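Structural description and commentary
So you can see what is in the structure, the chains are spelled out below.
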Amino acid sequence: MNIIKGFLFFQIFFISTFLSVAQAHDSSDKVLAKKIFGNFITPTQLRSESLGKYNKGCLNGGVELPIKGETWQHINSKRGRNWGHPSLINFTKDLSQKVADFGWMGLYIGDLGNPRGGPTPYGHAAHQVGLEVDIKFRKPASLDLSVKDSHNDQRYGKPFFKELNVVSKNQTAVNSNWTKEHMNILKAAAQDERVNKIFVNAAIKVWMCKNAGAEDRSWLMKIRPERGHSEHFHVRLKCPEGSPDCIDTPLWNKYKNVDGCDKQLAWWVTDRLKPKKKIITKTVKIKKKYKCAHARCYLPEDLPKACLKTMHIEN
Ligand SMILES: [Zn+2]
């Protein structure tokens, strides 16, 4: 009996102590920015403006890319990430029309951003200021897929949309899914004045460096090697006019007229792919003590001040 009483006392003591501790830390100002921005279903009704950095910012006056158009279909629309600055919406529509020149009926479009930009609840560090869009490598056979067939996000049920991977398993080269049409589309995108950079898997850039021909290779510099990005390419636009607080990533002042087909690119498909030895050094231990610095950990106050306003405007 005494044991049971003791156990009950312990339970009550533990629960009440736990609750008071939980309450002390359950302050609403600790809600992560990604949760707040990920929940908006409407943009602010302010003038369209990109604010802050691509990976730390937000968007006013966002515009929605319709789920379907004559030359595009948005994939994974249930995520609600089909919003952007008007310049991004126009760019996306323009490129989807342009691909007719290369024998494509249009484009499958992936994520743009939240209606008010900001961090996304999962998936991206950037895509925050309404100036970035992911475009699928799969060539559309239909631009009228049902909602079910246009989904491949397991959070929304069984995935049906099939991505097209254009890179070999060992990540050193493109595979047989890659076509010259893909390069033509990437070239057309890179030659667009509005574009700042395009991220692709490094193996793709290696192929393009070899096959882009000798004339005018400056557009190749905008194509940047990355990990991942073997099923889609990521387009980042320059800051548009009327967005004085938007912060561009630098363009190639240092490297003018260079194509980026260099040693650094070679490193991406050689040394970078070698397995790393796990040595726990002092630096790693120190690093572990630091707080998470990724966009998924941002608190509202980590974003530019103007984004606090964006977050609190009700429509
Ligand atoms: Zn992206």
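Let me begin by describing the structure that accompanies this report. Please read all numbers here as calculations on a predicted model, not as lab measurements.

Using the criterion set out here, one finds 15 salt bridges in the structure. Ionic pairing is found between arginine 79 and aspartate 111, a salt bridge with its closest N-O pair at 3.0 Å. Residue arginine 79 is found in the loop between strand 5 (72–74) and strand 6 (83–84), and its partner aspartate 111 is found in the loop between strand 7 (107–109) and strand 8 (132–136); the two are separated by 32 residues along the sequence. Exposure remark for aspartate 111: the relative accessible area of 3% places this residue in the buried category. Between aspartate 153 and arginine 155 there is a salt bridge; the shortest N-O distance is 3.3 Å. What makes aspartate 153 buried here is its relative accessible area of 3%. Members of the salt-bridge network, linked through shared partners, are Arg79, Arg81, Asp111, Asp153 and Arg155.

What follows concerns the state of the cysteines. In protein chemistry, a disulfide is the covalent bond that joins the sulfur atoms of two cysteines. Overall, the coordinates contain four disulfides when judged by the stated rule. Sulfur-sulfur distance for the disulfide between cysteine 58 and cysteine 307 comes to 2.2 Å. A torsion of -95° about the S-S bond marks the disulfide between cysteine 58 and cysteine 307 as left-handed. One end of the pair, cysteine 58, is in strand 2 (residues 56–60); the other, cysteine 307, is in helix 8 (residues 305–312), and 249 residues separate them in sequence. Residue cysteine 58 shares its accessibility class with cysteine 307, and that shared class is buried. There is a disulfide in this structure between cysteine 239 and cysteine 246, and the S-S distance comes to 2.0 Å. Disulfide cysteine 239 to cysteine 246: torsion about the S-S bond roughly -75°, handedness left-handed. Neither cysteine 239 nor cysteine 246 differs from the other in exposure class; each is buried.

So, how was this worked out
Residues numbered from 1 in each chain as written. Predicted model: local features only at pLDDT ≥ 70, side-chain atom pairs only at ≥ 80, totals over all residues. Heavy atoms only, no water. Salt bridge = Lys/Arg side-chain N within 4 Å of Asp/Glu carboxyl O. Helix = DSSP H or I, 4+ residues; strand = E, 2+ residues; numbered from the N terminus. Buried < 20%, exposed > 50% of the residue type's maximum accessible area, 1.4 Å probe, protein only. Disulfide = S-S within 2.5 Å.

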